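Okay, here's what each chain looks like letter by letter:
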Amino acid sequence: MILALRALGVGDLATAVPAVRALRAAYPDRELVLAAPAWLGPLVELVGGVDRLLPADGLDRLGTPGGPVEVAVNLHGRGPRSHRLLATTGPDRLFAFADARADHADGPGWDEEEHEVARWCRLLRWYGIPTDPTDLDLRRPASGTMPTGVTVLHPGSKVPAKRWPPGRYAAVARELTGRGHRVVLTGGTGERATAVRVADEVGLPADAVLAGQTDLGQLAALVAGARLVVSGDTGVAHLATGYRTPSVVIFGPVPPARWGPPPERRRHRVLWAGPAASPGRDGVDGHPAVTAVGVDAVLAAVEEVERVVRADRAVAA
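Cut-offs and rules
- Residues numbered from 1 in each chain as written.
- Predicted model: local features only at pLDDT ≥ 70, side-chain atom pairs only at ≥ 80, totals over all residues.
- Heavy atoms only, no water.
- Helix = DSSP H or I, 4+ residues; strand = E, 2+ residues; numbered from the N terminus.
- Rg over C-alpha atoms; globule rule 2.2 N^0.38 Å.
- Buried < 20%, exposed > 50% of the residue type's maximum accessible area, 1.4 Å probe, protein only.
- Contact = heavy atoms within 4.5 Å.
- Core = buried A, V, L, I, M, F, W, Y, C linked by side-chain atoms within 4.5 Å.
- Phe/Tyr/Trp six-rings, centres within 6.5 Å; stacked < 30°, edge-to-face > 60°.
- Pairing = 2+ DSSP bridges.
- Axes fitted to C-alpha atoms, helices over the stretch in contact; angles between N-to-C directions.
- Polar contact = N/O pair within 3.5 Å; in protein donor to acceptor, adjacent residues only side chain to side chain.
- Salt bridge = Lys/Arg side-chain N within 4 Å of Asp/Glu carboxyl O.

A word on the overall build of the protein
- The secondary structure content of the protein amounts to 12 helices and 10 strands.
- Its C-alpha radius of gyration of 20 Å places the protein within 12% of the 20 Å reference for a compact globule of 317 residues.
- Its C-alpha atoms give the protein principal-axis dimensions of roughly 60 × 45 × 40 Å.
- Out of the 317 residues belonging to the protein, those deemed buried represent 54%.
- Residue pairs in contact within the protein that sit at least 24 positions apart in sequence constitute 61% of those at least 6 positions apart.

So, the nonpolar core
- Counting residues in each nonpolar core, the largest one holds 48 residues, and the members touching the most others are Leu 23, Leu 40, Leu 43, Val 73, Leu 75, Leu 222 and Val 223.
- If you tally residues by element for this core, the top one is helix H8 (residues 216-224), at seven residues.
- Ignoring anything within four residues of it in the chain, the contact list for Leu 40 reads Leu 8, Gly 9, Val 10, Leu 13 and Leu 216.
- Counting residues in each nonpolar core, the second largest holds 29 residues, with Ala 170, Val 172, Val 202 and Val 305 among its members.

So, the environment of Leu 299
- Tracing the sequence through the fold places Leu 299 in helix H12 (residues 295-316).
- Between the alpha carbons of Leu 299 and Ala 105 there is a distance of 49 Å; along the sequence they are 194 residues apart.

Here we look at unusual backbone geometry
- Between Gly 79 and the following residue, Pro 80, the backbone shows a cis peptide bond with an omega angle of 5°.
- Within the secondary structure, Pro 80 sits in the loop between strand S4 (71-74) and helix H4 (81-87).
- Note that the residue after Gly 252, namely Pro 253, is joined by a cis bond; omega there is 0°.
- Checked against the element boundaries, Pro 253 lands in the loop between strand S9 (247-250) and helix H10 (256-259).
- One non-glycine residue with positive phi stands out, namely Asp 103, at about 55°.
- A positive phi is found at Arg 244, a non-glycine position, where the angle reads about 55°.
- Relative to the elements of secondary structure, Arg 244 occurs in the loop between helix H9 (235-242) and S9.
- Assessed through its relative accessible area of 43%, Arg 244 is described here as partly exposed.

With respect to the packing of aromatic side chains
- Overall, the coordinates contain six aromatic pairs when judged by the stated rule.
- When the centroid spacing of 5.1 Å and the interplanar angle of 80° are considered together, the rings of Phe 97 and Trp 110 count as edge-to-face. Of the two residues, Phe 97 is situated in the loop between strand S5 (93-95) and helix H5 (116-126) and Trp 110 in the loop between S5 and H5; the sequence distance between them amounts to 13 residues.
- Classification of Trp 110 by relative accessible area gives partly exposed; the value is 23%.

A few points about the sheet that holds strand S2 (residues 32-36)
- Strands sit in the order S3-S2-S1-S4-S5 across an open sheet of five strands; the sheet is parallel. In this open sheet, the two edge strands, each paired with only one partner strand, are strand S3 (52-55) and S5. Direction aside, the axes of adjacent strands within the sheet are offset by 20° on average.
- Note that strand S1 (residues 2-5) and S4 share four bridges and pair parallel. Residue pairing for S4: Leu 3 is matched across the bridge by Ala 72.

What about the side chain of Lys 162?
- Relative to the assigned elements, Lys 162 resides in the loop between strand S6 (151-154) and helix H6 (166-178).
- Looking at Lys 162, its side chain comes within polar contact range of the side chain of Asp 233, at 3.4 Å.
- Ignoring anything within four residues of it in the chain, the contact list for Lys 162 reads Ser 157, Gly 232, Asp 233, Gly 252, Pro 253 and Val 290.

Concerning the pattern of salt bridges
- Evaluated as defined, the whole model comprises 20 salt bridges.
- Across the salt bridge formed by Asp 233 and Lys 162, the nearest N and O atoms sit 3.4 Å from each other. One end of the pair, Asp 233, is in the loop between strand S8 (228-232) and H9; the other, Lys 162, is in the loop between S6 and H6, with 71 residues separating them in the sequence.
- Using a relative accessible area of 18% as the deciding quantity, one classes Lys 162 as buried.
- Linking Arg 179 and Glu 175 is a salt bridge whose minimum nitrogen-to-oxygen distance equals 3.0 Å.
- On the basis of relative accessible area, Arg 179 is assigned to the partly exposed category, the value being 33%.
- Assessed through its relative accessible area of 35%, Glu 175 is described here as partly exposed.

Take a look at the structure:
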């Protein structure tokens, strides 16, 4: 068995897709088990290549793998806790970044500024496993009951510092609606009040508020069939990258050099005001690097990605 640990969220799993697929290709005859939160199951299916999901939410505890572990792969972090957690499974080998605190001298050194996709690809290459960091596309789910051709605005984030002000989302929604976009608002259950506030300010119908109404599989289907996505640096932005859905992503406090879409994917635009004078705090909405991005900049970026889409369609025709 090959056991890979990535007990994090949507964006974290999406950026690990090339590494997961590289493990599948390197060990075609072994069972590939991914230790990740159970609620990520629908997204794991869309990644493909994983034989089984071992529920793991954070690093407090890891369930029994269900068989001997030939190789444990730490796609979660730098250690030492994640290294030690995987060591409890008794693997024959551990693929992980070097960390003396976990008595793991093997592996490459950690680079704090490295892009998240490149990080895990570099780890596997160090152990002799070829990787393709551009292999980010996700399987397309059936649309089911989700509308297609809509413009998705996602005003929330589990990290408060990454939240762009709701009033600015309302201004963008109002302008795009005037341009003929059918705008819908997404988010988790805890973000529904924010989505309702934006919809009420714009005068959008009640059925435009999908926050708290979709599971992960439905959200993926919505993004896969969307006209456009506008969001902060959160999981929805990574779904847009995985489906090549045109997107505008507002970054801060973490720069796009670490989490942004690859530059060769021309249908995505990132807005990054650069390091702000104030470092901000994770518990406070709207880091200065986020609030420095204005409505006009977002609308200009929307026009840019739409020009790219039109150019692509003209070439295809």
